[in-house]
Structure formats: structure tokens, C-alpha cells
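# Geometric and topological summary
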Amino acid sequence: MTAIGNKPPRPTAARDILVIGGSTGALDPMIQLASALPENYPGFLFIVSHIGANPSHLPELLARASRLPAAHARHDEPLEPGRIYVAPPDRHMLVTERRVLLSAQPREHFTRPAIDPLFRSAARAFGDRVVGIVLSGSGSDGALGLQAVQRAGGITVVQDPSDAISRQMPEAALRAVAADYVVDATALAALIPGLEQAVATAPPKPAVEVRSGEDLSTPVALTCPECGGAVREVVGGELLSYACHTGHRFSADELLAHQRNDVERAVMVAIRVLQERVALCRRMGSDAARGGRHHGVAYWQRVAREAEDQLNVLQQFQRSPEAGTAAHDGDAHPAALPVPEPAK
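Per chain, the residues get numbers from 1 upward, laid out in the order the sequence is written. Given that this is a predicted model, residues contribute local features only at a pLDDT of at least 70 and side-chain atom pairs are listed and counted only at 80 or more, while totals for whole chains, interfaces and linings are drawn from all residues. Side-chain metrics in this entry use all non-hydrogen atoms of the structure; hydrogen atoms and water are not considered.

Moving on to the overall build of the chain. Note on conventions: DSSP H or I runs of at least 4 residues are helices, E runs of at least 2 residues are strands, and numbering of each starts at the N terminus. When its secondary structure is counted, the chain shows 8 helices and 13 strands. For every residue, the accessible area obtained with a 1.4 Å probe (protein chains only) is divided by the maximum for its type, and the residue is called buried under 20%, exposed over 50%, and partly exposed between those limits. In the chain, buried positions account for 46% of the 344 residues. For this analysis, residues touch if any pair of their heavy atoms sits within 4.5 Å. Sequence separation of at least 24 residues holds for 66% of the intrachain contacts in the chain that already meet a minimum separation of 6.

Written as C-alpha cells, this is what we have:
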């Protein structure tokens, strides 16, 4: 087994609460991990994948590959060892000391279910029994949750970004925590079954109080991309993140990407409006010329030239390399669209 930057395991009676999160490219590592666990595995597995409100067959795929039963979690169902609980579509999955809870609270990182709510709740309920695992995926969901796991004394595991199909989520997690293990998918499957058997070789780290995430500092000049509400910086973590008053949460990187998309969409709208303005001014100038209104002709020509100058500036911006970034949620990338020509 190869690992990067591994630290000695901390003393523990059990590492039997596995919380796993992933998105794009995480299916295969999830299946490998589930298939590596023995039939009599005494732990509890909780898995979140970014499925949104779409139908999901993840439990069936996991059950087919694993010796353990897997199913979508049901609200308020009791915890049973040796089971795989999967977050159902459009619901956050949370855990208490005895039960699974489902929540329709606001989306976090533009998704529901999200990984951070599961990780935070597990850290609060189970402390150093938790093993938090962040797999391949886009965005930064899971990073703050993994930070909560580490602060509670749990073990943090991140898929090696070089092994991930989508490396954004692992990289965000590694910016947030000094992970105990950074491994590829094959090594991950070999690592997990033995963690609860780890021999203590280092003095314990004191657990840090896990914040609920409800402590927010003063407002900043930002608005929530989900609901348009005021956004505040979430205090108490090394990873810069924000939340609005209704509960939507984002990392700084996610807010920046969304702002970039908003700028691109705004530029496209402005280009369209200016093209229409040029066309309308030319139409008005032609009408003035037919009526012999020479002052009107000069006026409409001047307004058309001003609109064309503005249009040229926006088109130059649109062609610039800085304007080209990946769009959110599969939207067509404005920079990949043909640049409109001025109206004739």
C-alpha cells in the first residue's frame, strides 16, 4: 500500500464510523471500498454522492459488489452495524448517535445531498470514531466537513488527486486539512478494513470543539448565488467559506466560479442588447433620412456609433483568455459560443 504524507495512527478504541463523499469519478472507488469489507464488518458506512434530485441506483451497485446490505437511508431509521447507508436524491443525510436523519435544508455547494452536512453531524455525534473519506469530484464539498472530522479527533483520508478523475474535491480537502492518509483507490480499499485495529504509536491529539457552522461573522459585500440573500463569512475554519441567512453554503472558490459565470452571462446579454440597439438606431436613422430630418439622421448615427464602440469593447473582453472558464452545472460556456457580429 502506498500513501503520501501518512502520520502515525492515533489511539482509539474503534474507527467504525465511515463517512464517504464523492462526485464525478467517485463511483469506482466507492465500489472498490465496499467490496473490500468483510461480511462481518462491525462498522457503519454512510455515503453521499452528488446526485441532486435525480434517480440513483448507487445502493444497488454497492449491494451487488459488497457483502454488506446497502440502501437509501430512511428518515429516523435506527443505526445498524454492517450496513451501507446512501443519501437519497434531494436530501441531506445526517447522523445522530442512534439514528439517521434526512433533511431538506438548503443546498450546500450547489447540491443536495451534500457531503459537508454528513461529515459535520458525524463529527459531532461520534468524535474520534469517525473516518472521513473524500473521493474524486468537482468543487470543494467535503473539505470543511473533513476539517470537522479532524478537529473531533477522527481520521481523515483523501483520494490522491493524481488518481482521481476529477481532482478538485481532493485538492480542496488537502488545502483544508493535513490528511492522515492520501491514497489511491486501490490502497484505500486495503486501508479501511484495518483502521479499527490500528495500534497506538503516538500520543493522542486533543479533540477540538466542533462548531455547528452556525456562527457567522459580519456581512460581506456578497450575495448568495442560490437565493440572492446576504452572505456572511463562516468563522472558525482555515478554509474560507460563506453562508447565507437561509443556509446555502459555498467555498470561496465556488463563489468565485459562480461570479465568473454571472459575468459571462451578463456580457452575452449586453452584447445582444447592444446589437439590437445598433440595429434600431440604424432603422431610426433611415426613417429620419426618408423624412428629410437631417438633425435626426446625425443623432441616430451618433447613438449607433456609441453602441458599436461599447459592443466592440465587450467582444474584445469576450475573446480574452481571462474570460474563458468552466461554466457551472453544465451550462453552455459563453466563451465557447461564436462571437456575434455587429448588426448590419
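With that out of the way, let us pick up the packing of helix 7 (residues 252-290) against helix 8 (residues 294-319). Running from N to C, helix 7 and helix 8 point in directions that differ by 160°, and their axes come no closer than 8 Å. Considering their axes alone, helix 7 and helix 8 lie roughly antiparallel with respect to each other. Where helix 7 crosses over helix 8, the two elements pack in a sense that is left-handed. To get an axis, a line is fitted to the C-alpha atoms, and for a helix only the part in contact is used. The angle between two axes follows their N-to-C directions and goes from 0 to 180 degrees. Angle categories: roughly parallel below 35 degrees, roughly antiparallel above 145, roughly perpendicular from 65 to 115, and oblique for all the rest. Crossing handedness follows the turn of the near helix against the far one: under a right angle anticlockwise gives a left-handed crossing, and clockwise gives a right-handed one.

With that out of the way, let us pick up the packing of helix 4 (residues 143-151) against helix 5 (residues 168-176). Between helix 4 and helix 5, whose axes approach to 8 Å, the crossing angle comes to 40°. The pairing of helix 4 with helix 5 is recorded here as oblique in orientation. The way helix 4 lies across helix 5 gives a crossing that is right-handed. Along its contact with helix 4, which presents Ala 143, Leu 146 and Gln 147, the element helix 5 presents Ala 172, Ala 173 and Ala 176. Side-chain classes are defined by residue name, with Ala, Val, Leu, Ile, Met, Phe, Trp, Tyr, Cys and Pro counting as nonpolar, Asp, Glu, Lys and Arg as charged, and the others, Gly among them, as polar. In terms of residue class, the contact of helix 4 with helix 5 is made up of 5 nonpolar, 1 polar and no charged.

It is worth spelling out the nonpolar core at this point. Ranked by size, the top nonpolar core spans 35 residues in total, and within it Val 19, Phe 46, Met 93, Leu 118 and Phe 119 carry the most contacts. Elements represented by at least two residues in this core include exactly strand 1 (17-22), strand 2 (44-49), strand 5 (92-95), strand 6 (100-103), helix 3 (115-126), strand 7 (130-134), helix 4 and helix 5. The dominant element in this core, judged by the number of residues it contributes, is helix 3, at 7 residues. With near-sequence residues (within four places) excluded, Phe 119 lies in contact with Val 19, Ile 20, Gly 21, Gly 132, Ile 133, Val 134, Gly 142, Gly 145, Leu 146 and Val 149. Here, the term nonpolar core denotes a set of buried Ala, Val, Leu, Ile, Met, Phe, Trp, Tyr and Cys residues that are joined through side-chain atoms within 4.5 Å.

Here the focus is the packing of aromatic side chains. Here is the rule: rings of Phe, Tyr and Trp (six-membered ring for Trp) pair when centre to centre is within 6.5 Å. Planes less than 30 degrees apart are stacked, more than 60 are edge-to-face, and the remainder are tilted. Per the counting criterion, the structure on display carries 2 aromatic pairs. Seen from their ring centres, Phe 46 and Tyr 85 are 5.2 Å apart, and the 15° between their planes marks the pair as stacked. Of this pair, Phe 46 sits in strand 2 while Tyr 85 sits in strand 4 (residues 83-86), and the two are 39 residues apart along the sequence. By the burial criterion, Phe 46 is buried, and Tyr 85 matches it. For a Lys NZ or an Arg CZ to count as sitting over a ring, it must be within 6 Å of the ring centre and within 35 degrees of the ring normal. Just above the ring of Tyr 85 sits the side chain of Arg 83; from NZ or CZ to the centre is 5.9 Å.

Residue Pro 113 is bonded to the preceding Arg 112 through a cis peptide linkage, with omega at 10°. Looking at where Pro 113 falls in the secondary structure, it is placed in the loop between strand 6 and helix 3. Even without being a glycine, Asp 76 presents a positive backbone phi close to 70°. As for its placement among the helices and strands, Asp 76 is situated in the loop between strand 3 (70-72) and strand 4. We classify Asp 76 as partly exposed; its relative accessible area is 38%.

Our focus in this paragraph is the pattern of salt bridges. Oppositely charged side chains are able to pair whenever their charged atoms sit close together. Salt bridge, as applied in this entry: a Lys or Arg side-chain nitrogen positioned within 4 Å of an Asp or Glu carboxyl oxygen. In this structure the tally under the stated criterion is 12 salt bridges. One salt bridge in this structure joins Arg 91 and Asp 90, with 3.5 Å as the shortest N-O distance. Residue classification places Asp 90 among the partly exposed residues on the basis of a relative accessible area of 23%. The network of salt bridges with common partners includes Asp 90, Arg 91 and Arg 112.

With that settled, the discussion passes to the sheet that holds strand 3. Here we have 7 strands laid out as an open sheet, ordered 3-4-2-1-7-8-9, and parallel in their pairing. Two strands lie at the open edges of the sheet, namely strand 3 and strand 9 (181-183), each paired on one side alone. The mean angle between the axes of side-by-side strands here comes to 20°, regardless of whether they run parallel or antiparallel. Pairing of strand 7 with strand 8 (residues 155-159), which is carried by 4 bridges, proceeds in the parallel orientation. Bridging from a neighbouring strand, Gly 132 pairs with Thr 156 of strand 8. Helix 5 contacts strand 1, strand 7, strand 8 and strand 9 of the sheet and is inclined by roughly 145° relative to strand 8. Pairs of strands are assigned from DSSP output, requiring at least two bridges between the strands.

It is worth spelling out helix 4 at this point. Within helix 4, 7 of the 9 residues are buried, which leaves it mostly tucked inside the rest of the structure. For helix 4, the full list of buried residues reads Ala 143, Gly 145, Leu 146, Gln 147, Ala 148, Val 149 and Arg 151. Trailing helix 4 by a residue or two, Gly 153 shows a phi angle of about 95°, which is positive.

Most of strand 8 sits inside the fold, with 5 of its 5 residues counted as buried. What you see with strand 8 is no split at all: Ile 155, Val 157 and Gln 159 on one side and Thr 156 and Val 158 on the other are buried throughout. Seen with the strands pointing away from the viewer, any crossover whose path from the first strand over the helix to the second strand runs clockwise is right-handed. Following the chain from strand 7 across helix 4 to the adjacent parallel strand 8, one finds a crossover that is right-handed. Bridge count for strand 8 against strand 9 is 3 bridges, and the pairing is parallel. Note on strand 9: the bridge partner recorded for Val 157 is Tyr 181. Each parallel crossover has a hand, and the one from strand 8 via helix 5 to strand 9 is right-handed.

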